[in-house]
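Report on the structure
Here's the letter readout for the chains.
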Amino acid sequence: MRLLLVLLALLAAIAAPPARAQDEAAAREALAVLAAGNLDAMEPAIGTIARSGVPWAEPVLRGLLDGRLLARQADRAVFLRTPEGAILEVASGAPAEVEARALRPIRINNRLRRTLEGALGSLTLASPDRTVRLAAAEKLFARPDPSALEPLEAALAREADPAVRAAFARARAAVLLDHGEPGARAEAATGLAESPSPAVLGKLQAARRALPADVDPATVAALDAAIARVETRLRLLEFAQTFFQGVSLGSVLLLAAIGLAVTFGVMGVINMAHGEMVMLGAYATWAVQQAFRAFLPGALDWSLLAAAPAAFLLAGAAGWAIERGVISRLYGRPLETLLATFGISLILQQAVRLGIGATNREVVTPSWMSGFVEPVPGLALTTNRIVIVLFAVAVFLLLLALVRATRLGLEIRAVTQNRRMAETMGIRTPRVDALTFALGSGIAGIGGVALSQIDNVSPNLGQSYIVDSFIVVVFGGVGNLWGTFLGALTLGVVNKLLEPVAGAVLGKILVLLALILFIQRRPQGLFALRGRAAEA
Amino acid sequence: MARAGLGRPALLLVLVGCAVLLVPVLNRLVPEGSAFHLEDRLVPLFGKYLAYAVLAVALDLVWGRAGILSLGHGAFFALGGYAMGMYLMRQIGPRGVYAHPVLPDFMVFLNWQELPWYWYGFDRFPFALAMVVLVPGALGFVFGWLAFRSRVSGVYLSIITQALTYALMLAFFRNDMGFGGNNGLTDFKDILGFPIASPDTRLGLYLATGVLLLLALAVAIHLRRSPLGRLLVAIRDGEARARFLGHDTLRAKLFVWTLSAVLAGLAGALYVPQVGIINPSEFSPAASIEIAIWVAVGGRDTILGPVLGAFLVNGMKTWLTGAAPELWLFVLGGLFVLVTLVLPKGLVGIVELLPRRRAPAAEPAPRPAEATGG
Amino acid sequence: MAETPRTLPGGRLLEPQILLYLDGVTVSFDGFKALDSLSLVLEEGELRTIIGPNGAGKTTMMDVITGKTRPDSGTVLFQGGIDLLSLDETAIARLGIGRKFQKPTVFDRLTVAENLELAIQGGWSLARLLAGRLEAAAEERIERTLETVGLAELRAEEAGRLSHGQRQWLEIGMLLVQEPRLVLLDEPVAGMSDAETAKTAELIHRLEGRHTLVVVEHDMHFVRELGAKVTVLHEGRVLAEGPVDAVQSDPAVVEVYLGRS
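Notes on the structure follow.

So, how was this worked out
In this numbering scheme, every chain counts its residues from 1 along its sequence in written order. Chains and ligands are labelled by the order in which they are written, letters from A for the one and numbers from 1 for the other. This being a predicted model, a pLDDT of at least 70 is required before a residue's local features are given, and a value of 80 or more before pairs of side-chain atoms are given or counted; all residues contribute to the totals for chains, interfaces and linings. With hydrogens and water excluded, all non-hydrogen atoms of the structure serve as input to the side-chain values. In DSSP terms, a helix is any run of H or I states spanning at least four residues, a strand is any run of E spanning at least two, and both are numbered starting from the N terminus. A radius of gyration in this sense is built from C-alpha atoms; the matching globule rule multiplies 2.2 Å by the number of residues raised to 0.38. Relative accessibility decides the category of a residue: with a 1.4 Å probe and only protein chains considered, values under 20% of the type maximum give buried, values over 50% give exposed, and everything between is partly exposed. Contact definition: two residues touch when any of their heavy atoms are within 4.5 Å. All accessible-area figures derive from a Shrake-Rupley calculation using a 1.4 Å probe, and residue coverage is judged against the displayed protein chains alone. Neither His nor the chain ends is counted toward charge; the positive residues are Lys and Arg and the negative residues Asp and Glu. A charge is said to be at NZ when it belongs to Lys, at CZ for Arg, at CG for Asp and at CD for Glu. When DSSP finds two or more bridges between a pair of strands, those strands are recorded as paired. Orientation is described by axes fitted as lines to C-alpha atoms, over the contacting stretch for helices, and by angles from 0 to 180 degrees between their N-to-C directions. Accessible-area loss on putting two parts together, using a 1.4 Å probe and summing over both, is the definition of buried area adopted here. Throughout this description, the term salt bridge denotes a Lys or Arg side-chain nitrogen within 4 Å of a carboxyl oxygen of Asp or Glu. Polar contacts here mean pairs of N or O atoms no more than 3.5 Å apart (in protein, one a potential hydrogen donor and the other a potential acceptor; neighbouring residues in sequence count only if both atoms are side-chain atoms). Centres within 6.5 Å are what make two rings of Phe, Tyr or Trp a pair, Trp counting through its six-membered ring; a difference in plane orientation under 30 degrees is then read as stacked, over 60 as edge-to-face, and the rest as tilted. Residues are grouped as follows: Ala, Val, Leu, Ile, Met, Phe, Trp, Tyr, Cys and Pro are nonpolar; Asp, Glu, Lys and Arg are charged; every other residue, Gly included, is polar. Patch construction takes residues with relative accessible area above 30% that form no salt bridge. Like charges are linked within 9 Å, and nonpolar side chains (Val, Leu, Ile, Met, Phe, Trp, Tyr) are linked within 5 Å.

Our focus in this paragraph is the overall build of chain C. On a plain count of helices and strands, chain C comes out with 10 helices and 10 strands. Whereas a compact globule of 261 residues would reach a radius of gyration of roughly 18 Å, chain C reaches 19 Å, a difference of no more than 12%. Principal-axis analysis of the C-alpha atoms gives chain C an extent of 50 × 45 × 35 Å. Taking all 261 residues of chain C together, 57% fall into the buried category. For chain C, restricting intrachain contacts to residue pairs at least 6 apart in sequence, the fraction spanning at least 24 positions comes to 65%. When the accessible surface of chain C is totalled, it reaches about 10600 Å², and 49% of it is carbon and sulfur. Mean positive and mean negative side-chain charge positions of chain C (27 and 40 charges, respectively) differ by 3 Å.

The next subject is the sheet that holds strand E7 (residues 182-186) of chain C. Residue and element names in this part refer to chain C. An order of E6-E7-E8-E3-E9-E10 is seen for the 6 strands of this open sheet, with the pairing classed as mixed. Two strands close off the open sheet at either side, each with one partner strand: strand E6 (97-100) and strand E10 (237-242). Between one strand axis and the next, the sheet turns by 20 degrees as a mean value, whatever way the strands run.

Turning our eyes to something else, we now look at the interface of chain B and chain C. Counting residues at the interface gives 40 residues for chain B, matched by 53 residues for chain C. Buried area between chain B and chain C, both sides added, is near 4100 Å², and the carbon and sulfur share of it is 55%. Run the count over chain B and chain C and you get 4 salt bridges. Among the ionic pairs, Arg230 of chain B bridges to Glu114 of chain C, the shortest N-O distance being 3.9 Å. At the surface where chain B touches chain C, the tally comes to 9 residue pairs in polar contact (both at pLDDT 80 or more).

Take the environment of Ala53 of chain B next. With respect to the helices, strands and loops of the structure, Ala53 of chain B is situated in helix H2 (residues 43-65). Separated by 159 residues in sequence, Ala53 of chain B and Leu212 of chain B place their C-alpha atoms 10.0 Å apart.

Take the side chain of Thr201 of chain B next. All names here are of chain B. Along the chain, Thr201 falls in helix H7 (residues 199-225). On the basis of relative accessibility, which here comes to 10%, the residue Thr201 falls in the buried class. Of note is the side chain of Thr201, whose polar atom sits 2.8 Å from the side chain of Ser198. When sequence neighbours within four positions are dropped, the list of residues in contact with Thr201 reads Ile191, Phe194, Pro195 and Ile196.

Another aspect to go through is the packing of aromatic side chains. Residues and elements named next belong to chain B. Under the defined criterion, the tally for this structure stands at 28 aromatic pairs over all chains. Taking the centre distance of 4.6 Å and the plane angle of 50 degrees together, the rings of Tyr82 and Phe172 count as tilted. You can see Tyr82 sitting in helix H3 (residues 73-92) and its partner Phe172 sitting in helix H6 (residues 154-173), a full 90 residues away along the chain. Residue class for Tyr82 comes out buried when judged on its relative accessible area of 2%. When its relative accessible area of 5% is taken as the criterion, Phe172 is described as buried.

Counting from both sides, the interface comprises 41 residues of chain B and, opposite them, 41 residues of chain A. Each partner contributes to the roughly 3600 Å² buried at the junction of chain B and chain A, and carbon and sulfur atoms together form 81% of this total. Summed over the three residues of chain B that lose the most area to chain A, namely Val155, Tyr156 and Phe330 of chain B, the buried surface amounts to 18% of that side. Taken together, the connections running from chain B to chain A amount to 1 salt bridge. One salt bridge connects Arg300 of chain B with Glu336 of chain A, and the closest N-O pair in it is separated by 2.7 Å. Connecting chain B to chain A are 3 residue pairs in polar contact (both at pLDDT 80 or more). At the level of secondary structure, the elements contributing two or more residues to the side of chain B that touches chain A comprise helix H5 (125-149), H6, helix H10 (285-298) and helix H12 (325-342) of chain B. Of the residues forming the side of chain B that touches chain A, the biggest block, 13 residues, is contributed by H6 of chain B. Of the residues that constitute the side of chain B that touches chain A, the class distribution is 29 nonpolar, 8 polar and 4 charged.

All names here are of chain B. A contiguous nonpolar patch, built from Leu21, Val25, Leu29 and Leu207 and spanning about 360 Å² of accessible area, is present on the exposed surface. In terms of residue count, the dominant contributor to the nonpolar patch is helix H1 (residues 7-29) (3 residues). Locating Val25 in the fold gives a position in helix H1.

Here the focus is the sheet that holds strand E2 (residues 32-43) of chain C. Strand pairing in a sheet is mediated by backbone hydrogen bonds. Such pairs are either parallel or antiparallel. All names here are of chain C. The sheet built from 4 strands is open, its strands ordered E2-E1-E4-E5 with antiparallel pairing. Two strands close off the open sheet at either side, each with one partner strand: E2 and strand E5 (82-83). For strand E4 (residues 73-78) and E5, the ladder comprises 2 bridges, and the chain directions are antiparallel. Considered in E5, the bridge of Phe78 is made with Ile82. On the sheet, helix H1 (residues 58-65) packs against strand E1 (18-29), E2 and E4 and is oriented at approximately 115 degrees with respect to E1.

Attention now goes to the pairing of strand E1 (residues 69-72) of chain A. Residues and elements named next belong to chain A. Two elements, E1 and strand E2 (residues 78-81), share 3 bridges in a ladder whose sense is antiparallel. Within E2, the position partnered with Ala71 by the bridge is Val78. Between E1 and E2, which pair antiparallel one after the other, the connecting turn spans 5 residues, and Arg76 there sits at a positive phi close to 60 degrees.

Moving on to the side chain of Asp433 of chain A. Mapping Asp433 of chain A onto the fold places it in helix H18 (residues 429-451). Side chain to side chain, Asp433 of chain A and Arg419 of chain A meet in a polar contact 3.2 Å long.

The quantities given are spatial measurements derived from coordinates; they are silent on function.
Below is the structure:
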């Protein structure tokens with residue numbers, strides 16, 4: 001049988017028809033070999049088909065891999081079944097008139113499967129579809145196949161798209177790294193180091209281990225240099241990623257803390273229910289989204305925009321009520337104010353727990369906030385975090401403008417700097433106190449809108465941020481908005497940088513201890529005592 | 001301000017002592033059928049209240065007297081409790097679930113091979129007792145020294161005490177700290193050789209806590225009547241002025257602060273064997289703030305106030321968390337608001353206001369002085 | 001303790017009769033000079049009044065002497081050449097420098113007698129504060145002081161119930177009971193009725209000779225009543241110094257201070 005085939009092949013070679021037709025004939029021969037089902041003979045046959053360049057090579061080989069290439073026992077004719085079940089002629093791709101029962105799938109083994117995958121990989125390198133070519137390059141990069149080197153180089157030579165070219169080059173380097181000559185390996189390593197990723201690092205390290213003992217030192221040095229370079233770049237990327245996470249955490253802290261900075265700075269009282277203002281804001285976001293779902297399902301994506309003012313008003317109103325009802329009656333007694341507002345926080349939490357439920361409420365992330373951005377290869381930043389950072393900065397700038405440029409801002413500054421003087425100048429300090437408190441609480445509510453995107457909306461939401469908010473305000477200096485801004489970002493970044501070194505919990509403990517020691521060092525610098533606390 | 005005659009503090013002690021004895025009397029002397037009989041299972045509950053009362057007296061020493069509102073006293077209480085818990089764990093010996101002769105169950109579970117160095121010595125009661133005093137005392141001393149030296153006071157001090165207990169809570173939640181992590185220390189078997197769950201042991205622990213409370217009150221009474229007690233009031237109302245009189249206010253504050261920390265630690269040590277467990281939630285900032293409300297409800301800077309407040313608030317908590325658990329947090333929160341707004345002197349304050357109404361001096365209402373810069 | 005006389009900037013030694021020596025003391029707050037190289041010399045047993053318009057630096061000067069404010073530059077020496085700038089408030093108080101603030105700051109929740117006791121106990125050790133009692137001599141001192149300031153009948157009264165004038169006298173009493181070398185009185189008659197002012201002047205005259213006194217005041221009537229040597233401060237500097245009459249006729253003083261009222 002095999003002899004016959006070899007003879008036929010020889011005959012075909014001698015006959016030497018035009019290359020195309022010759023290849024086509026060889027491919028048809030090889031098809032017949034496949035139908036015969038001899039596993040040993042199938043391997044070269046697969047190669048023949050793959051190299052032939054016939055248009056049906058790819059579907060046939062894929063069919064063989066997926067068990068959809070069928071042979072008719074009687075005459076060893078070969079047909080292709082589509083995934084949907086239709087049976088086609090191999091060459092024309094037209095529906096075949098054939099009795100399905102007479103057909104049997106051609107069986108393969110694992111060795112052939114690998115051969116097929118390699119063959120298909122190089123076939124798809126030539127696909128007219130850009131995404132298919134890219135995918136093929138990625139696949140070859142992940143599992144380098146020495147037999148693909150030749151088609152890869154050919155594909156590289158004719159490729160015009162720069163992104164695909166880069167992918168091909170990387171795939172080629174990966175193949176050479178594993179299977180090339182030492183010199184080629186060194187060159188490939190240097191090339192790969194240009195596009196650092198954890199995968200590249202893994203490949204380089206594996207290749208370094210696989211180098212034979214007697215390989216020349218230059219190759220070893222080249223690989224080591226490439227590994228070092230990739231490691232450095234990766235560390236940089238990792239640092240950038242951590243830094244961004246820190247900035248993101250910092251912006252969340254900023255949203256939670258600036259309201260506190262305003263009330264603390266102006267009135268010198270600590271509002272232990274401040275975290276609950278954040279919580280109310282998050283629930284307002286949820287409620288607004290529920291309303292959109294019910295009445296404006298088309299605009300669901302934009303419910304967050306409506307939630308921001310709602311959260312501001314709800315939390316602001318709550319803050320106003322707390323100031324008028326409780327805090328204004330405890331003038332000059334900061335410790336009692338602290339205790340009373342703690343009581344309010346307990347009541348608010350429990351009210352939400354009973355009224356809405358103790359379980360987490362889900363706030364859906366709008367489509368424009370999902371996904372990620374990749375400013376540099378290997379650095380993926382999630383969109384919602386970026387939006388929150390921008391949002392926090394915007395809220396901060398808005399507050400800054402309000403304090404600097406409005407009448408209320410002027411009055412707030414006057415009361416912060418010298419309450420008694422402000423009173424004698426006719427500023428109604430109780431009104432300023434109430435408005436300041438409402439403003440600070442409202443901003444906390446807006447912070448809740450942002451937090452609803454990254455944290456669980458639950459009655460305990462505020463508790464997780466209150467301690468951090470205090471730390472931010474204390475770090476940044478009371479009554480100093482820029483200090484709060486820098487304090488929040490510093491704390492966020494320090495927290496995230498410490499996390500990989502010390503673990504999340506230990507990192508937090510270290511930050512708290514640092515705060516306690518920091519206060520020892522610079523109590524005056526941190527606490528620009530103003531407002532009520534200074535007079536008490 | 002209680003300006004009592006000589007006999008009154010002693011009378012108060014006798015009064016509290018009699019109240020403490022009520023529990024053993026109702027438990028042992030009143031026959032079981034009687035309506036006034038106190039069941040065995042309620043003894044440790046009252047023992048727990050007594051420990052809380054000691055804790056409240058400790059907080060009142062610094063808050064009521066010296067005006068230092070600690071929101072971290074739970075930390076000292078818990079540290080004392082952990083020191084006692086470590087002794088109780090070592091007493092279990094090979095009777096644990098894993099029957100390891102030395103290692104407590106949770107260490108065996110974590111695959112630890114040997115006892116961490118800081119667990120050494122806790123198999124001996126005197127050592128454990130020394131730690132009950134020394135660990136909270138040392139932490140209080142170091143923290144107080146750092147804070148008072150840099151003149152951190154008022155709400156700032158409150159906030160950093162809260163940060164302190166919060167940091168400790170996070171630390172004790174970690175398994176690799178070697179204090180049982182989340183679950184804490186529990187499954188105690190016996191104390192000083194007495195089975196911990198037997199009614200006799202429990203009554204003994206109750207009485208020991210009662211004695212501690214009387215001691216704490218005696219200390220508080222003596223402090224109030226000493227020149228130091230007056231100095232602390234002066235520090236509370238005008239620390240700078242007290243400094244100008246030549247008083248070393250740092251030393252006075254540090255002394256009463258450390259004393260208070262030690263008392264809190266002792267309270268924690270007696271609390272643990274009666275409730276049978278100590279875990280990191282004792283360090284939670286909310287638990288520490290609750291202590292302040294006991295004191296506020298009873299009456300700050302009074303002798304009986306903290307004791308009364310601890311019993312009332314915790315009694316209400318026990319009853320409400322059983323009868324209507326969803327209401328408890330409303331009540332607790334309401335207490336915080338109500339007491340600060342309406343009852344700044346607490347319940348004892350009402351009583352003290354009743355009998356004495358003195359005529360004010362010749363010219364009342366001091367005119368405010370001009371605050372002009374010279 | 002540096003008991004040996006210090007060499008002064010001029011090369012002179014601090015003479016033994018000099019109790020307080022200020023030279024070139026400058027204090028600035030955010031660029032504003034509250035004291036501008038102020039110099040002042042005070043002799044043992046002297047009664048000195050210091051006047052000046054608002055913002056002249058009177059209170060800041062007291063703050064520097066008592067250690068509440070640290071000057072940017074300058075020398076402040078107490079008798080025997082003790083450098084006050086190297087000591088804190090408590091240590092300075094223990095040297096025997098007592099100060100009465102503008103705002104009366106007696107302890108409202110303590111009785112009159114307790115306030116005086118507290119003052120006498122400044123510097124007591126912790127053990128003594130815990131267990132100690134007043135010696136008979138100290139009790140006597142309290143009695144005498146109560147008589148001097150005229151509060152003997154009100155000894156058991158809570159200080160919070162005293163009138164404004166009585167509180168001022170109690171505060172002066174709290175200074176006196178410590179037997180200070182130097183008494184600084186910051187506007188002792190501010191807010192007092194005429195009768196109280198007269199009584200206070202009487203009290204100060206009674207103290208003259210027993211203590212070295214510095215009275216800061218801007219009530220000219222009261223200053224005249226005291227009839228002591230006057231130092232006029234203006235914009236952080238000494239404008240004039242001398243007997244009341246001489247100062248009052250000084251044209252520069254009339255210009256900046258008396259001319260206003």
